[in-house]
Amino acid sequence: MSSQVHIKRDTEGRQETPSSYAGVSRSWLRTALNAIGVQNLSLLFALALLVIVIGSQNPNFFLVSNLRTIGTAISIVGILAVMQTIIMLLGGLDISVGSAAGLTSVVSAMVFMTNQNAGVSILVALGVGVAAGLFNGLVIVYGRVNAVIATLATYAGFRGLANLISNGRAQGYTGTDPIYVFIARGSLFGVPVLIWILVCVAIFVHCLLRYTDIGRNIYAIGGNATAARLAGINLNRYIVVCYALMGLVAAIAGIMLTARTGSGQPTSGSQGLELQAITAAALGGVAMQGGKGTIAGTVIAVVVLGVLQNGLTILNVNSFWQDIAQGLLLVAAVIVQQRRRGVRAVGLP
Amino acid sequence: MQNVSKGFAGVQALRDASLEVRAGEIMALMGENGAGKSTLLKILSGAHKQDNGTMLVAGNVQEFSSPDDAHAAGIRVIYQEPEVIPHVSVAENIYVGALPARGGLFSQRRVVECARAELARYGFDNAIDAETLGRDLSPAQRQLVEIMRALIGEVRIIAFDEPTSSLSDVEAERLFELIGTLRGAGVGIIYVSHRMPEVFRIADRVTVLRDGAVVQTREVSETTQEQLVGLMVGRDLSGIFHRQAHEPGDVVLAVEGLTTDDVEDCSFEVRGGEVIGLAGLVGAGRSELAHALIGDIPRQAGRILVDGTERRIANPGDAVKAGIGLVPEERKAQALLMHRSVRDNICLTVLRKLSVMRVVRQGSERALAQSFVRRLNIRTSSIENPVANLSGGNQQKVVLARWLSPKPRVLILDEPTRGVDVGAKAEIYDVVNELARDGMAIIVISSELPEILALSDRVLVMRAGRIVAEVPGREATEQSLVALAMDHEPVTTKELT
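Presented here is an overview of the structure given in this document. (Residues numbered from 1 in each chain as written. Chains lettered and ligands numbered in written order. Predicted model: local features only at pLDDT ≥ 70, side-chain atom pairs only at ≥ 80, totals over all residues. Heavy atoms only, no water.)

### Some details on the overall build of chain A
Turning to step 1, where the next piece is worked out: The number of helices and strands found in chain A is 15 helices and two strands.
Turning to step 2, where the next piece is worked out: Of all 349 residues assigned to chain A, the portion counted as buried reaches 49%.
Turning to step 3, where the next piece is worked out: Residue pairs in contact within chain A that sit at least 24 positions apart in sequence constitute 78% of those at least 6 positions apart.
Turning to step 4, where the next piece is worked out: When the accessible surface of chain A is totalled, it reaches about 16,300 Å², and 67% of it is carbon and sulfur. (Helix = DSSP H or I, 4+ residues; strand = E, 2+ residues; numbered from the N terminus. Buried < 20%, exposed > 50% of the residue type's maximum accessible area, 1.4 Å probe, protein only. Contact = heavy atoms within 4.5 Å. Areas by Shrake-Rupley, 256 points an atom, 1.4 Å probe, with all protein chains shown as cover.)

### Describing the overall build of chain B
Turning to step 1, where the next piece is worked out: The helix and strand tally for chain B stands at 17 helices and 22 strands.
Turning to step 2, where the next piece is worked out: Counting only residues that meet the buried cut, chain B has 55% of its 497 residues in that class.
Turning to step 3, where the next piece is worked out: Counting only contacts in chain B whose residues sit at least 6 apart along the sequence, the fraction spanning at least 24 positions is 66%.
Turning to step 4, where the next piece is worked out: Accessible area for chain B stands at about 21,000 Å²; split by element, carbon and sulfur atoms hold 48% of it.

### Quick look at the interface of chain A and chain B
Turning to step 1, where the next piece is worked out: If you look at the interface, chain A gives 29 residues, while chain B gives 38 residues.
Turning to step 2, where the next piece is worked out: On the surface where chain A and chain B come into contact, there are five salt bridges.
Turning to step 3, where the next piece is worked out: Put simply, R358(B) and D213(A) hold a salt bridge, and the shortest N to O gap is 2.9 Å.
Turning to step 4, where the next piece is worked out: The interface formed by chain A and chain B contains eight residue pairs in polar contact (both at pLDDT 80 or more). (Salt bridge = Lys/Arg side-chain N within 4 Å of Asp/Glu carboxyl O. Polar contact = N/O pair within 3.5 Å; in protein donor to acceptor, adjacent residues only side chain to side chain.)

### Section: the sheet that holds strand β3 (residues 26–30) of chain B
Residue and element names in this part refer to chain B.
Turning to step 1, where the next piece is worked out: Here we have six strands laid out as an open sheet, ordered β6-β7-β8-β3-β9-β10, and mixed in their pairing. Of all strands in the sheet, those bounded by a partner on one side alone are β6 (75–78) and β10 (213–219). Within the sheet, the average angular offset between the axes of one strand and its neighbour, ignoring direction, is 20°.
Turning to step 2, where the next piece is worked out: As defined by bridge partners, β3 adjoins strand β8 (residues 188–192) across four bridges and the pair is classed as parallel. Paired with M27 across the two strands is I190, which belongs to β8. (Pairing = 2+ DSSP bridges. Axes fitted to C-alpha atoms, helices over the stretch in contact; angles between N-to-C directions.)

### Some thoughts on the packing of aromatic side chains
Centre-to-centre distance and the angle between the planes together describe a pair of aromatic rings.
Turning to step 1, where the next piece is worked out: Applying the stated criterion across every chain yields a total of three aromatic pairs over all chains.
Turning to step 2, where the next piece is worked out: Ring centres of F112(A) and Y180(A) lie 5.5 Å apart, and the angle between their planes is 80°; on these two criteria the pair is classed as edge-to-face. Taken together, the residues F112(A) in helix α5 (residues 97–115) and Y180(A) in helix α8 (residues 178–185) connect sequence positions 68 residues apart.
Turning to step 3, where the next piece is worked out: Between F189(A) and W196(A), the aromatic rings sit 6.3 Å apart at their centres with planes inclined by 75°, giving edge-to-face as the arrangement.
Turning to step 4, where the next piece is worked out: F189(A) gets classed as exposed once you look at its relative accessible area, which sits at 78%.
Turning to step 5, where the next piece is worked out: Using a relative accessible area of 29% as the deciding quantity, one classes W196(A) as partly exposed.
Turning to step 6, where the next piece is worked out: In this structure, R340(B) is placed above the aromatic ring of Y219(A), and the distance from its NZ or CZ to the ring centre is 4.4 Å. (Phe/Tyr/Trp six-rings, centres within 6.5 Å; stacked < 30°, edge-to-face > 60°. Lys NZ or Arg CZ within 6 Å of the ring centre and 35° of its normal.)

### A few points about helix α13 (residues 273–283) of chain A
Residue and element names in this part refer to chain A.
Turning to step 1, where the next piece is worked out: With respect to burial, α13 is a largely interior element, ten of its eleven residues being buried.
Turning to step 2, where the next piece is worked out: Burial in α13 covers these residues: L273, E274, Q276, A277, I278, T279, A280, A281, A282 and L283.
Turning to step 3, where the next piece is worked out: Count one or two residues on from α13 and you reach G285, which has phi positive near 100°.

### Observations concerning the nonpolar core
Turning to step 1, where the next piece is worked out: Membership of the largest hydrophobic core comes to 135 residues, with the highest contact counts inside it found for L80(A), I346(B), L400(B), L404(B), L411(B) and I442(B).
Turning to step 2, where the next piece is worked out: Broken down by element, the residue count for this core peaks at 15 residues, all from helix α12 (residues 235–261) of chain A.
Turning to step 3, where the next piece is worked out: If sequence neighbours within four positions are ignored, I346(B) has contacts with A369(B), F372(B), V373(B), I378(B), V398(B), A401(B), R402(B) and S405(B).
Turning to step 4, where the next piece is worked out: Y95(B), L151(B), V155(B) and A279(B) belong to the second-largest nonpolar core, a separate cluster that totals 64 residues. (Core = buried A, V, L, I, M, F, W, Y, C linked by side-chain atoms within 4.5 Å.)

### Concerning the environment of L231(B)
Turning to step 1, where the next piece is worked out: Looking at the element boundaries, L231(B) is found in helix α8 (residues 225–233).
Turning to step 2, where the next piece is worked out: Placed 16 residues apart in sequence, L231(B) and V215(B) show a C-alpha to C-alpha distance of 6.9 Å.

### Focus on a nonpolar patch on the surface
Turning to step 1, where the next piece is worked out: Residues F45(A), L49(A) and V53(A) make up a contiguous nonpolar surface patch of about 310 Å² in total accessible area.
Turning to step 2, where the next piece is worked out: Along the chain, F45(A) turns up in helix α3 (residues 38–57). (Patch = residues over 30% accessible without salt bridge, like charges linked within 9 Å, V, L, I, M, F, W, Y side chains within 5 Å.)

### Re the packing of α5(A) against α12(A)
Residues and elements named next belong to chain A.
Turning to step 1, where the next piece is worked out: One can describe the packing of α5 onto α12 by two numbers: an axis separation of 7 Å at closest approach and a directional angle of 55°. One finds that α5 runs oblique with respect to α12. The element α5 and its partner α12 pack so that their crossing is right-handed. On the side of α5, the interface is formed by V97, A100, A101, T104, S105, S108 and A109, while α12 contributes M246, A250, A251, A253, G254, I255, L257 and T258. (Parallel < 35°, antiparallel > 145°, perpendicular 65-115°, else oblique. Left-handed = near helix turned anticlockwise from the far one by under 90°.)

### Thoughts on the sheet that holds strand β15 (residues 309–310) of chain B
All names here are of chain B.
Turning to step 1, where the next piece is worked out: Judged by pairing direction, the sheet is antiparallel, and its four strands sit side by side in the order β12-β11-β14-β15 without closing on themselves. Looking at the sheet topology across the chains shown, the edges are occupied by β12 (266–271) and β15.
Turning to step 2, where the next piece is worked out: Inspection of the sheet shows strand β11 (residues 251–259) paired to β12 by five bridges, in the antiparallel sense. Paired with L253 across the bridge in β12 is V270.
Turning to step 3, where the next piece is worked out: Sitting on the sheet, helix α9 (residues 286–293) is in contact with β11, β12 and β14 (301–306), with an inclination near 110° to β11.

### Examining helix α14 (residues 295–314) of chain A
Helical geometry: 3.6 residues make up each α-helical turn, so side chains three or four residues apart lie on a common side.
Residue and element names in this part refer to chain A.
Turning to step 1, where the next piece is worked out: In this model, α14 (20 residues) spans 28 Å end to end at C-alpha, consistent with the 28 Å of a helix rising 1.5 Å per residue.
Turning to step 2, where the next piece is worked out: Between a side-chain oxygen at the N-terminus of α14 and the backbone nitrogen of G297 the separation is 3.1 Å; the capping residue is T294.
Turning to step 3, where the next piece is worked out: Residue N316 follows α14 closely and has a positive phi angle near 60°. (Expected span 1.5 Å × (residues − 1).)

### Observations regarding the side chain of R402(B)
Turning to step 1, where the next piece is worked out: Within the element layout of this structure, R402(B) appears in helix α14 (residues 392–404).
Turning to step 2, where the next piece is worked out: Buried and unpaired, R402(B) has D344(B) as its nearest opposite-charge partner, separated by 9.1 Å.
Turning to step 3, where the next piece is worked out: In terms of polar contacts, R402(B) uses its side chain to reach the backbone carbonyl oxygen of N345(B), at 2.9 Å.
Turning to step 4, where the next piece is worked out: If near-sequence neighbours (up to four positions away) are discounted, R402(B) is found in contact with A227(A), A335(B), L336(B), L337(B), N345(B), I346(B), L348(B) and T349(B). (Lys, Arg positive; Asp, Glu negative; His and termini not counted.)

### Side note on unusual backbone geometry
Residues and elements named next belong to chain B.
Turning to step 1, where the next piece is worked out: The residue N377 is not glycine, and still its phi comes out positive at about 55°.
Turning to step 2, where the next piece is worked out: Looking at the secondary structure, you find N377 in the loop between α13 (362–375) and α14.
Turning to step 3, where the next piece is worked out: Since its relative accessible area comes to 35%, N377 is described here as partly exposed.
Turning to step 4, where the next piece is worked out: In this structure, K407 is a non-glycine residue whose phi angle is positive, near 50°.
Turning to step 5, where the next piece is worked out: Turning to its location among the elements, K407 is positioned in the loop between α14 and β19 (410–414).

### Re the pattern of salt bridges
Turning to step 1, where the next piece is worked out: Tallied over the full model, the rule gives 28 salt bridges over all chains.
Turning to step 2, where the next piece is worked out: Between E434(B) and R375(B) there is a salt bridge; the shortest N-O distance is 3.9 Å. Taken as a pair, E434(B) in helix α15 (residues 422–437) and R375(B) in helix α13 lie far apart in primary sequence, 59 residues in all.
Turning to step 3, where the next piece is worked out: For E434(B), a relative accessible area of 33% gives the class partly exposed.
Turning to step 4, where the next piece is worked out: We classify R375(B) as partly exposed; its relative accessible area is 43%.
Turning to step 5, where the next piece is worked out: Among the charged side chains, a salt-bridge network with shared partners connects R216(A), R340(B), R343(B), D344(B), E365(B) and E384(B).

### Section: the packing of helix α4 (residues 64–89) of chain A against α12(A)
Residue and element names in this part refer to chain A.
Turning to step 1, where the next piece is worked out: Where α4 contacts α12, the two axes come as close as 9 Å, and the packing angle between them is 175°. Considering their axes alone, α4 and α12 lie roughly antiparallel with respect to each other. Residues T72, A73, S75, I76, I79, L80, M83, Q84, I86 and I87 of α4 touch α12, and the partners they reach there are C242, Y243, L245, M246, V249, A250, I252, A253, M256, L257 and R260.

### Thoughts on the environment of G98(A)
All names here are of chain A.
Turning to step 1, where the next piece is worked out: With respect to the element layout, G98 can be found in helix α5.
Turning to step 2, where the next piece is worked out: Its relative accessible area of 0% is what places G98 among the buried residues.
Turning to step 3, where the next piece is worked out: Spatially, the C-alpha atoms of G98 and Y155 are 7.5 Å apart, while their sequence positions differ by 57 residues.
Turning to step 4, where the next piece is worked out: Residues within four places of G98 in sequence aside, it is in contact with R159, S270, L273 and E274.

Dropping the structure here:
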């Protein structure tokens with residue numbers, strides 16, 4: 001009985017009004033609000049608050065160069081968070097993305113050093129990423145291993161592998177190759193390429209989730225796996241392919257990392273990316289149980305996190321505090337989510 | 001003299017049921033699936049709270065707000081599925097929550113000694129060792145652990161919910177002896193069972209429940225099996241739902257020797273335009289048969305033919321392609337995406353067909369959802385309304401719409417009207433009849449016999465994973481079906497086995 005009541009409350013809280021049904025009489029403001037959604041609105045509000053507080057403390061925050069810094073800083077974690085959203089919508093989790101990014105970063109630089117061909121090195125790195133993701137997916141589906149455990153294992157494994165092949169040191173130098181330089185510092189229409197990559201990945205995934213049967217099936221699997229299975233959706237295939245795609249995106253992140261630093265980095269720069277990506281997705285309203293969440297929410301949350309980090313840096317806050325802030329934020333985001341679901345259970349879930 | 005009488009005026013599950021159990025007697029509780037036996041036990045154990053009515057133990061009014069209260073009052077309920085902690089010993093399982101401890105420390109040895117003594121007291125020391133781990137126990141031994149657990153402390157009333165369903169004959173015999181011992185010790189016993197011979201063997205009195213109300217309490221010595229079946233069924237709903245005869249065409253679905261873990265050697269045919277009822281007790285394998293048909297449970301043997309061609313059905317996706325749809329038993333757990341819209345829920349099985357280059361054409365999707373909302377009269381503010389906001393009956397119609405949208409050749413409906421109000425029920429029956437007229441082959445699984453009788457052209461009765469009888473719809477009566485399902489001598493039917 002009680003669960004029914006909670007479900008009701010939940011849906012009333014964030015009922016999305018149909019765009020086609022909205023009718024012409026509704027004001028554009030209302031339509032806009034509905035398009036954005038309650039959760040996203042509170043995030044945008046938090047973002048505005050952050051900008052005001054940080055900006056009033058240090059006006060340099062608004063410099064174009066600083067905005068570009070924020071943009072390029074969030075691009076790598078951004079694509080990971082976007083793809084992590086799909087994984088979490090399925091009801092899974094991928095903790096190994098940071099390690100996979102480190103591994104592919106090293107691979108891209110090492111392959112580049114053997115033949116000085118950026119294209120080949122990027123393709124090899126992407127292949128390694130897909131293989132890493134595929135491995136996760138196969139272990140989860142066919143080994144019936146809990147996703148957290150499986151990717152926790154590969155979190156350690158991929159990192160170890162990266163350190164092993166690189167002897168734990170930065171590898172190669174890509175700082176003179178035009179392609180890598182273009183990725184790292186190039187601009188199109190005044191916007192850095194790194195940001196373009198984030199925008200492209202986000203739009204692609206958004207359209208996939210919103211407009212294709214694949215996306216709708218992903219929501220169905222996370223919302224009620226039994227129902228999805230009985231409706232004839234091949235759960236195993238979806239899970240394996242999505243983890244492989246996660247690996248692909250981790251490889252893109254690794255390549256961006258190589259380009260930015262000019263060398264293959266086994267751990268530096270990739271460490272902690274998984275935490276940031278999961279925090280962003282949770283903050284953006286993706287339910288840990290799956291089935292609920294949007295790319296728009298995740299992207300806004302990525303921006304909020306980026307601004308927060310940048311703000312703490314330019315306000316000279318000790319960087320260790322940033323880790324603490326991030327941890328607290330993750331817990332707070334999930335607590336808010338659970339409250340909205342109406343979970344009032346005592347003891348273990 | 002302990003005297004329990006209970007009265008409730010619940011919504012539907014239980015209506016003004018009164019029950020009296022005396023110290024030192026065995027009271028059998030009988031009734032069809034859904035008659036309210038489990039609800040009654042749950043209220044007795046404090047798991048649910050009654051809306052109305054009072055409960056008296058030994059003449060004192062009791063208010064149970066939790067199972068602990070019921071326990072303290074000396075009431076124990078032993079459920080059908082025993083809860084045993086797998087990784088600890090039998091002794092600890094018996095004393096769980098009440099481990100004998102001294103000064104906050106508990107001694108493994110002392111617990112085992114206590115458990116051994118208790119087991120010996122009831123004559124079970126040969127059947128089970130106190131140091132065995134929970135996971136190594138047989139179903140019967142698990143039941144024993146549950147019973148021993150119930151005997152700790154002061155016990156006035158013990159209720160058994162179908163205790164023999166997982167026991168062999170020898171073990172059941174043991175259990176009857178124990179129950180006899182308990183009766184001798186002045187404990188009041190409530191014994192829920194579907195098995196007539198058991199009831200006549202051990203019970204002193206029997207109370208029959210039907211549709212949540214007590215029909216009658218009788219002395220066992222003054223009643224017969226036929227009388228009990230009559231009391232359990234005894235309603236006349238023929239005036240409410242008229243059975244419509246359909247005109248069966250060619251064979252659409254043919255099943256040959258289907259065998260899985262739970263279902264054995266099931267063969268039958270369903271013709272186009274024919275409605276087949278699948279009757280049987282809960283646990284007889286009806287739902288398992290349905291899931292096996294759509295490839296959701298691995299098949300060990302058997303063939304499935306649709307329109308005369310054998311189809312390889314290894315997963316529910318294959319079943320959709322082969323034209324077999326299943327409206328599952330539990331709409332919330334197995335069918336609905338509660339947070340998603342009516343449109344989303346209806347179109348789930350046909351998204352691919354509605355897509356061009358994998359992009360879902362939202363116009364055709366909306367049109368499809370709209371057409372089903374109209375056709376099935378689904379009451380919702382719009383097709384974008386989350387299904388969680390709909391009533392049970394309308395949710396069920398959404399699930400039905402999902403399975404009608406791919407236009408299946410065979411439709412399996414598992415408990416299609418569970419938790420649905422009478423109005424929606426009649427609408428769902430109308431839809432089933434209409435589908436049959438259009439030539440679909442339909443299988444209806446239901447624990448409500450009037451539903452089976454109202455819809456079916458033929459009724460298959462399942463018992464213990466097998467199809468044990470086939471009865472033409474016009475000859476079937478509730479009495480005959482109950483008798484067949486319960487392995488009681490048939491009244492007016494031909495048995496197939």
